Structures are given as C-alpha cells and as structure tokens.
Amino acid sequence: MNLFSKYKLLGLAVIVATFASCSKSFLELTPPTSVSPETALSTEADLLVATRGMYAGLRTGVTIGTTSYAPDAFGRTIPVLGDVMADNAYQSSQNTNRYTLYNNYTFPVTDANALGFWASLYAVILRANNIINAPVAANANVNQYKGEAYATRALCYFTLVRYYARPYTEDPSKPGLPIITTYNPDLKPARNTVAEVYALIQSDLTQAYNLMTTFTNSSQFSKYAARALQAKVYLTMGDMANARTAALDVIDNSKFKLVGQSDYVAYWANNAIREDQLETLFEVSSDAVSNLAFDALSYLYSQAGNYGDFLVASDLYSLFSASDVRRTLYPTGERPKNNPVVFINKYTGLAGDRSDTKVLRLSEVYLIAAEASVASNPADALKYVNEITSRRGAAPIVSTGPQLYEDIITERRKELAFEGDRYLDLQRLKRDVVRSANYPSTARTIAFTNFRRILPIPQAEVDANPNIKPQQNEGYQ
C-alpha cells in the first residue's frame, strides 16, 4: 500500500469516527477496508503525509454525507465570523445570503455554518491526535511533525472554545468543549470545563515549543509560531505577565521581521507562502490546485466580478488617517442601494483561486506585548504599539493610563481588521458589540450577556450524543 492510499484510508477512518457529530454515518463502526491509526502511521514518512493532510483540513473543512462544509474552517467561515459578528464588516443590501444570520444575530441551533465549523475543526483535532499518538521512534523530523500536530490541535481547541463557550475571563468553570486526545470511534464525551480546555491548549503549546526546531515556511507551524499562539492564549485568559513573556520571546528570538509601510500593500497582494520570515508566523495556505475556488475568503470580500457581500463599517474606516497605508486596502466605491461604500481589498488572491488566510502575524505579537505591558510597564507598552503605528504611516500613540489601553485595543482593531480577531477581542474583554448604522436596526447593540454571543452546540451533535445533550448552551434549548 503506498503512502497516499494509506492516508486516504486513515482519513476515512477519522471522518467516520468523528464523535457522533453530524449524522448517523458518524456513529458507524470503522469500515473493514480501513486501517487503525496505529497501523497507518507507523513510519516517519507516514507522519509527513498525515501532517500535510492535517493542514489541508484547516482549509477545506469536511463533507458529511453528501453535504460539503468546505468553507467552514479557516478558509472562510472562521475569519469571516470574527468581523461580521463584531463591528467591522457588514452585509451589503446586494448579497448572496451568505452569513446573513450572523450579520443579523438570528442564527438558530440548526445553523449549517455552526455545524460545519464544529465538525471541521474536530476532524482536524482527530488527525492531529493520530500524529501525536503514532508509535514512531523519536528523531528530529518525528519531533517536528508531532510538535506541529500539538500546535494545530491547540489552535483548533482555542478557536472552538472561544466560539462555543463563554469566555475564560467571565468564568473558567463554565462548560467548555469535549476533550478528545485519543482515537476511539465509540466515544461520546461530555463537555469539559473552559479551564480544562485551556489547560490542554497550554500543555499542547508547551509541548509544541519544546519539540519543534525547524522553520520551513509560513504554511507550517514552527517553534515561534507556537509561542506566538501561546502569547495570544495567555492574553485571552487575562494572564498579562505570561502573555508578555511569551510575546517578547517571539520578538527577541524568532528572527521574524515586521512588514514596513513601503512593503505593506505588496505583502497583502502576495499570495505565496513565505520562507523569508517576514511578518507571517502562520497561515492556512491555498494554491492553484488546492483551494476553495469560489468559496474562498477573497471571493466573499472582493468586488471585481465576485460576491463582494461584505463592506467596511463606517466607524472602522473613520479610524484610518489619510496617511495610514492600511487605508489603501479599503477603497471607496459604489454598490447598488449602499452608496457610498467602502470595499475590503485586503484579500486579492483571485488568480488561480489562491486565498491564504493569515492566522498569526508578528504585528499582532507586538500588540500583545503592548497590551500586556500597560499595567506593569507603560513605557514598554508605548514602545511596542508604536512599532506598528510607525510602520503604517499613522500618528504615534502618546496617551497614558486607561486611555493608553483603549488606544492599543483600537490599534488592534485597525491592524487586524478582516483577519477574524475583533469579535474575539470583544468577547475576552466582556464588552457589548456596538455597531454603526450600517447594520440592521435590530442588531446594532448585542449585549455581552446575549445568549447568541456564543454559538450553539450543533443540533445534530446534541441529538447524537446523549452526554452532551443536557449541556447545550443556554438560550438554545
């Protein structure tokens, strides 16, 4: 059996075994033509193939029965929700009805995107588990692959827990996610607490940091990409001391470089994975062969013969000064019934259907260091945030005290716009979503206490798993 065939069988076993998550097919026993993960992943070469498949899952989502949920991982749904559910991106009156329920905050327990999001990332978790648990003798390459799997599993749990559970900063004892770390097709787990999920994430990222030594390119996790993610996790938990330590480790030791003002537009126009350690610590990549085609993120935002469903909220656009290079990515224009409007040109990867999704950038690490330094060292906070403003043609931040903190949060909004972070910042900060008049009048203020501030556990999952049924998120019962 060649490596490709072996991996295909493993992938089938993973999808079939995904714990009771979407249809009766998920409850079936492993087909007799498949092999166990332990048998399929028995050599270093097997791990390499499996690692590539794990990364592909971050982009392509899953297919359940005859229904494809391809856009519902990092290829589109995850970054989109982070801005549409917040106050950055609003739906044009001329649209294709994608994510309308999120623009309006009316998504039900049976929502297809919530189901695809959940199932897609758990499928990647299972692939990562198989790599982590593979009985292959340790060497530098094996350690690297397993380190990448630990980091990927952490990314998936971190993303899921922030959308399907209340924030750690509110109450870490509340229901989190089912934790699955081993292959078991019969498992129907209950939800662990938020604190337990974060403990696994931190453990995984420490393992990843210690195991990995190699930087290959931006489409694969590396030692310092894992450390950057750990800084973001600590920030989300409100642990500013550890967030600062992890962020400074990346800034001081990773050899990554910030993208500057003169290169900023070209950086976003370049769809190739990077090997130069400029700015991109980790991204979910596409190319002319492996991509989401018309389901890609760029097609949702781009106006040039594409959907162009979402536009820049007026209050966000007003934050950019005329000299700020970031404003270049948001040109004004006309769209029927919505004039004047501001377009989102941050993703231009249409040729060859390429649309890479940035997950971790060095600029964010500087902003983490800034935010985490406000209380303990405000001079450092100013230094780190102005490493960003100085490279964007924006006025330097000179404030102090509480205003300095607010200015850093605003700088995060500007720098990370349309990368899926804004909503998650509002969640960890326990703030209401306050939207401009671009949004429907019934969905302009979404209180932090609103039950739809987190997604429902998918109804198909609740129906199939008796242990999770009584643990549905409040308001969706």
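Report follows, based on the coordinates. What you are looking at is a predicted structure, and each value in this text was computed from that prediction instead of being measured.

Some points on helix α3 (residues 44-60)
Here α3 contains 17 residues, and its C-alpha end-to-end distance of 25 Å stays within 8% of the 24 Å for a straight helix at 1.5 Å per residue. A positive phi of about 65° marks glycine 61, the residue just after α3.

Thoughts on the pairing of strand β4 (residues 280-284)
Buried residues dominate β4, accounting for five of its five residues. Here β4 pairs with strand β8 (residues 357-361) via four bridges, running antiparallel. Bridging from a neighbouring strand, valine 284 pairs with threonine 357 of β8.

A look at the environment of isoleucine 251
The residue isoleucine 251 is located in helix α10 (residues 240-253) in this model. Separated by 27 residues in the primary sequence, isoleucine 251 and tyrosine 224 place their C-alpha atoms 9.3 Å from one another. Every residue in contact with isoleucine 251, bar those within four places of it in the chain, is listed here: Val365, Tyr366 and Ala369.

What about the packing of helix α15 (residues 378-389) against helix α16 (residues 401-415)?
Following both chains from N to C, one finds α15 and α16 inclined at 25°, their axes separated by 11 Å at the closest point. The orientation of α15 relative to α16 falls into the category roughly parallel. Here the hand of the crossing between α15 and α16 comes out left-handed. Between α15 and α16, the contacting residues are Pro378, Ala381, Leu382, Val385, Ile388 and Thr389 on the first element and Leu404, Ile408, Glu411 and Glu415 on the second. In terms of residue class, the contact of α15 with α16 is made up of seven nonpolar, one polar and two charged.

Some points on the nonpolar core
What tends to happen in soluble globular proteins is that the nonpolar side chains get buried as a cluster. Formed by 134 residues in total, the largest nonpolar core has its most connected members in Tyr164, Phe221, Phe282, Tyr330, Phe418 and Leu455. A total of 14 residues in this core trace back to one element, the largest contributor, which is helix α7 (residues 140-164).

Topic: helix α6 (residues 112-132)
Helix length check: α6 (21 residues) gives 30 Å between terminal C-alpha atoms against 30 Å at 1.5 Å per residue, within 8%. Capping the start of α6, aspartate 111 holds a side-chain oxygen 3.1 Å from the backbone nitrogen of asparagine 113, two or three residues further along.

Thoughts on the pattern of salt bridges
Under the definition given, this model contains 29 salt bridges. With a closest N to O distance of 3.6 Å, aspartate 295 and arginine 76 form a salt bridge. One end of the pair, aspartate 295, is in the loop between β4 and α12 (297-301); the other, arginine 76, is in the loop between β2 (67-68) and α4 (77-84), with 219 residues separating them in the sequence. Put simply, arginine 326 and aspartate 324 hold a salt bridge, and the shortest N to O gap is 2.9 Å. When its relative accessible area of 0% is taken as the criterion, arginine 326 is described as buried. The exposure class of aspartate 324 is buried, given its relative accessible area of 2%. Several salt bridges share partner residues, and in doing so they unite Glu279, Asp324, Arg326, Lys346, Arg361, Arg392, Glu411, Lys414, Glu415 and Glu419 into one network.

Scoring rules and cut-offs
- Residues numbered from 1 in each chain as written.
- Predicted model: local features only at pLDDT ≥ 70, side-chain atom pairs only at ≥ 80, totals over all residues.
- Heavy atoms only, no water.
- Helix = DSSP H or I, 4+ residues; strand = E, 2+ residues; numbered from the N terminus.
- Expected span 1.5 Å × (residues − 1).
- Buried < 20%, exposed > 50% of the residue type's maximum accessible area, 1.4 Å probe, protein only.
- Pairing = 2+ DSSP bridges.
- Contact = heavy atoms within 4.5 Å.
- Axes fitted to C-alpha atoms, helices over the stretch in contact; angles between N-to-C directions.
- Parallel < 35°, antiparallel > 145°, perpendicular 65-115°, else oblique.
- Left-handed = near helix turned anticlockwise from the far one by under 90°.
- Nonpolar A, V, L, I, M, F, W, Y, C, P; charged D, E, K, R; others polar.
- Core = buried A, V, L, I, M, F, W, Y, C linked by side-chain atoms within 4.5 Å.
- Polar contact = N/O pair within 3.5 Å; in protein donor to acceptor, adjacent residues only side chain to side chain.
- Salt bridge = Lys/Arg side-chain N within 4 Å of Asp/Glu carboxyl O.

So yeah, pure geometry; function would need other evidence.
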